[in-house]
Amino acid sequence: MSDLMQTSTQETWLWIGTIGMAIGAFVIYFLGAKMKERHHAITGFFVCAIAACMYLLMAFGQGDVVVSKATLAITPIGVGADVNAELVYWARYLDWVFTTPLLLIGLMTVGLKALSTTGEVVRERAALVGGVIGADVLMILTGLFGALSLNDNHKYVWFAISCGFFLAVLVLIWGPIRAAAAEQGAGVAALYGKLLGILTVLWFIYPVLWILGTEGTGTISLNTEVIVFTIIDLAAKVGFGILLVVGVKKLDTAGAGSSAPAAATN
Ligand code: RET
């Protein structure tokens, strides 16, 4: 109820996010511009570029909305009004709905490096990728619905649904996609495992912050939430993107000529 206006602390951190993401976009692009699998650098660039635009929108004060609901009660002494309101940075969800699928595609294309020669396996893996993206998009959308809810019952139902989709994403990337990565030799398996571990740890922070922040219980202030989200977002996009591009580059130089060892056996 107390956080209804963007503060100067929030604005400063949103500018830090904007500049950090813009720099990150170019760093990732140039790190991977000459590598064999340049698509990773392109995806990483757009992840950060989208985030830079959304942070700029929020820094300008255009990426938030105050959701409010007034309840009127007629009492013997007159009309009483109870107004429930909160500030929601909706632009975060617009950012995540595009960037989280791109981050997952980056991870999955490391794990599914050699897609095999048989059409059946290609179709099976394409379906897996589709499932992960579908669950991920619904995780973000239902998180937005929860953030926009003023009614606590609605809010926590949306939170639980969003967590369910998050779980589905985790099951798929830790299960069948990790198994596919393991079939492709130690190098791919190790890089996939490392990126998977980092992504999982960082992504777990989002629902925790959401529930502690103003979207959930309001245990921490919106200022703290904006600061921590900026740092985690930079780690999950710029940090993760750099590790991915550098890791794939090393793998390509180490395994030049001997890539996809297990492709034919799929
Ligand atoms: C929400 C709503 C509450 C429940 C869950 C959530 C998960 C969000 C995640 C976001 C990841 C964002 C990233 C952004 C870019 O770097 C939507 C907070 C489970 C996992 C990685």
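Just above sits the structure.
Values in this document were obtained by computation on a predicted structure and should not be read as measured data.

K.L.:
Can you break down the environment of Lys250 residue by residue, with the values?
P.N.:
Assignment of secondary structure puts Lys250 in helix H8 (residues 222-254). Sequence separation between Lys250 and Asn223 is 27 residues, and the spatial gap between their C-alpha atoms is 40 Å.

K.L.:
Just give me the short version of the state of the cysteines, but keep the residues and values in it.
P.N.:
Counted by the stated rule, this structure contains 0 disulfides. Note on Cys48: no disulfide assigned, nearest cysteine sulfur contributed by Cys53 at a separation of 11 Å. Among the residues examined, Cys48 registers a relative accessible area of 0% and is labelled buried.

K.L.:
Run through the side chain of Asp136, naming residues and quoting values.
P.N.:
Here Asp136 lies in helix H4 (residues 119-147). A polar atom in the side chain of Asp136 sits 2.7 Å from the side chain of Thr100. Discounting chain neighbours no more than four positions away, the residues touching Asp136 are Thr100, Pro101, Leu104, Val169 and Trp203.

K.L.:
Let's hear about the pattern of salt bridges: which residues, and what values?
P.N.:
Inspection of every chain in the model, using the stated rule, returns 5 salt bridges. One salt bridge in this structure joins Asp233 and Arg92, with 4.0 Å as the shortest N-O distance. Of the two residues, Asp233 is situated in helix H8 and Arg92 in helix H3 (residues 91-111); the sequence distance between them amounts to 141 residues. Linking Glu183 and Arg125 is a salt bridge whose minimum nitrogen-to-oxygen distance equals 3.2 Å. Here Arg125 lies in helix H4 and Glu183 lies in the loop between helix H6 (176-182) and helix H7 (186-212), a separation of 58 residues in the sequence. Judged by its relative accessible area of 5%, Arg125 is buried. Salt bridges sharing partners connect three or more residues here, namely Arg92, Asp95, Asp233 and Lys237.

Conventions we followed
Residues numbered from 1 in each chain as written. Predicted model: local features only at pLDDT ≥ 70, side-chain atom pairs only at ≥ 80, totals over all residues. Heavy atoms only, no water. Helix = DSSP H or I, 4+ residues; strand = E, 2+ residues; numbered from the N terminus. Disulfide = S-S within 2.5 Å. Buried < 20%, exposed > 50% of the residue type's maximum accessible area, 1.4 Å probe, protein only. Polar contact = N/O pair within 3.5 Å; in protein donor to acceptor, adjacent residues only side chain to side chain. Contact = heavy atoms within 4.5 Å. Salt bridge = Lys/Arg side-chain N within 4 Å of Asp/Glu carboxyl O.

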